[in-house]
Amino acid sequence: METARQLLLSMSFDKEVYSEQEKLELLDQINNEIKAVRKRKIYVGFGKILAAACVVALVSIGIVIHFKPATPASSNLVADETSSLALEKETRLVLAGEKTIAIEEGGDILYENGEMTISSMSQQDKRYAVDTESEEVQYNELIVPKGRRASHLILDDGSKVWVNSGSKFRFPATFAQDKREVYVEGEIYIEVAKDPKRPFFVKTSEMQVRALGTRFNVTAYRDDLSQMVVLVEGLVEVQSNDETKKKILQPDHMLTLAGNSMDIKVANTYDFISWKDGLLQFRSQPLSMILAKISRHYDLYIDCEQDIKDLKCSGKLVLFDDPKDVLETIARTISLEKPDSKTVPMAYEMNGNTILLKKKS
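Rules used in this analysis
Residues numbered from 1 in each chain as written. Predicted model: local features only at pLDDT ≥ 70, side-chain atom pairs only at ≥ 80, totals over all residues. Heavy atoms only, no water. Helix = DSSP H or I, 4+ residues; strand = E, 2+ residues; numbered from the N terminus. Buried < 20%, exposed > 50% of the residue type's maximum accessible area, 1.4 Å probe, protein only. Contact = heavy atoms within 4.5 Å. Areas by Shrake-Rupley, 256 points an atom, 1.4 Å probe, with all protein chains shown as cover. Polar contact = N/O pair within 3.5 Å; in protein donor to acceptor, adjacent residues only side chain to side chain. Salt bridge = Lys/Arg side-chain N within 4 Å of Asp/Glu carboxyl O. Pairing = 2+ DSSP bridges. Axes fitted to C-alpha atoms, helices over the stretch in contact; angles between N-to-C directions. Expected span 1.5 Å × (residues − 1). Core = buried A, V, L, I, M, F, W, Y, C linked by side-chain atoms within 4.5 Å.

Enquirer: How do you make sense of the overall build of the protein when you look at a structure like this?
Expert: A tally of helices and strands in the protein yields seven helices and 25 strands. Looking at the protein residue by residue over its 361 residues, the buried ones come to 41%. Across the protein, every contact between residues at least 6 apart in sequence was considered, and the portion connecting residues at least 24 apart equals 48%. For the protein, the exposed surface amounts to about 20,100 Å²; the carbon and sulfur share of it is 50%.

Enquirer: Can you walk me through the environment of arginine 283 in this structure?
Expert: Residue position: arginine 283 is located in strand β19 (residues 279-286). Residues arginine 283 and aspartate 271, spaced 12 residues apart in sequence, show a C-alpha to C-alpha distance of 7.5 Å. In terms of polar contacts, arginine 283 uses its side chain to reach the side chain of aspartate 271, at 3.1 Å.

Enquirer: Honestly, the pattern of salt bridges in this entry has me stumped. Any pointers?
Expert: A side chain of one charge can pair with a side chain of the opposite charge when the charged atoms of the two come close. The final tally for this structure, using the stated rule, is 19 salt bridges. Residue arginine 198 is joined to aspartate 195 by a salt bridge in which the shortest nitrogen-to-oxygen separation is 2.8 Å. Residue classification places arginine 198 among the buried positions, given a relative accessible area of 15%. Of the charged contacts, one joins aspartate 271 and arginine 283 as a salt bridge, the two residues approaching to 3.1 Å between their closest N and O atoms. Of this pair, aspartate 271 sits in helix α5 (residues 270-273) while arginine 283 sits in strand β19; the two residues are 12 residues apart in sequence, bridging distant segments of the chain. Residues joined by salt bridges that share partners form a network here, namely Glu90, Glu105 and Arg148.

Enquirer: Where do I start with the sheet that holds strand β20 (residues 301-304) in this structure?
Expert: Within a sheet, adjacent strands bond to each other through the backbone by hydrogen bonds, running parallel or antiparallel. In space, the three strands of this open sheet follow the order β20-β25-β24, with mixed pairing throughout. Looking along the sheet, the strands with just one partner apiece sit at the ends: β20 and β24 (346-351). If you compare each strand with its neighbour and ignore which way they point, the axes differ by 20° on average. By the bridge criterion, six bridges tie β24 to strand β25 (residues 354-359) in an arrangement that is antiparallel. By the bridge assignment for β25, glutamate 349 is matched with leucine 356.

Enquirer: Is there a simple way to explain helix α6 (residues 287-298) in this structure?
Expert: Along an α-helix, a turn takes 3.6 residues, which lines up residues three or four apart on a common side. When the terminal C-alpha atoms of α6 are compared, their 17 Å separation across 12 residues agrees well with the 16 Å that a helix rising 1.5 Å per residue should span. For α6, the set of buried residues is Leu287, Ile290, Leu291, Ile294, Ser295, Arg296, His297 and Tyr298. A positive backbone phi angle near 55° is found at aspartate 299, which sits one or two residues after α6.

Enquirer: Please explain the nonpolar core as it appears in this structure.
Expert: If you look at soluble globular proteins, the nonpolar side chains tend to sit buried side by side. Counting residues in each nonpolar core, the largest one holds 40 residues, and the members touching the most others are Met116, Phe169 and Phe216. Sort the elements by how many residues they give to this core and strand β10 (residues 180-191) lands first, with four residues. If sequence neighbours within four positions are ignored, methionine 116 has contacts with Leu93, Leu95, Ile101, Ile109, Leu110, Tyr111, Lys126, Arg127, Tyr128 and Val130. Counting residues in each nonpolar core, the second largest holds 22 residues, with Leu300, Cys313, Leu317 and Leu357 among its members.

Nothing here speaks to function; it is geometry throughout.
So this is what it looks like as structure tokens:
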């Protein structure tokens, strides 16, 4: 809404009077552009729908506007050949370890028919040719830093991947003929396209997940003590990299690999994949675990008093642009569960990038 307001303020109104025919031609151009955007978008967020609604509303009341708002450099979809130092805080795609492309938040990446397309609402699609003839598999890497929203891409085989904040996802532009392999450090949710002739492998620093066609979440952050697989649909085989542990995971179950143990338990799967929809949903999870996820999403240090770290927390949070809104929601509506079933009201203190959550006095 704020973006739409700034857009309206930046408009300059043309005093020229247009004929009815000119107005109809402009309306047709706008409608055709809206249809083209809808056709090529993989998904459209609420903010994009709001922007399109603003355009439709302006046309419907007969206001014909010529404007060209200044676009800040930070909103550019592609910054070809930009230095890695300038991009370290931005979501970026590194092609074969060489060329780096900045990806706008909400931008989509699509590999199809020997071509990579990066789409955005702010600029026209950018297309790049993909070398499908090379015998050597060339790996690209999508990097989503802490503090950036989850990014989405469709791989060469049609598999859909969401990459969470603070994650690196390494994948080939085109898969090999006998298998499909990707690598993750951080967290992804993936919907694997079925291809019985080419098994799909997701590899981390501690394990590999083998699937044919299925939907699951993999969590493998470097600073976490354990790695997890949560299965939504299908079947997967999980094996530790030292090959000493191997288990089959069924839907609505979670596998945890920590040290020498590999354990499976029933799980509410949406609690673990809600992040891809801009939400955090949790049931009886330690407050410290919830704050770790929020910290990663906003690239802030958020902690709590020692005596409430292990208390369980249940609820659902919308990951607003402003972390203050999330903290206000926690303080107002989410209660900690004490062993005696009483709840603990909370407050928070902010000091720069450090936030402390504490019991309300």
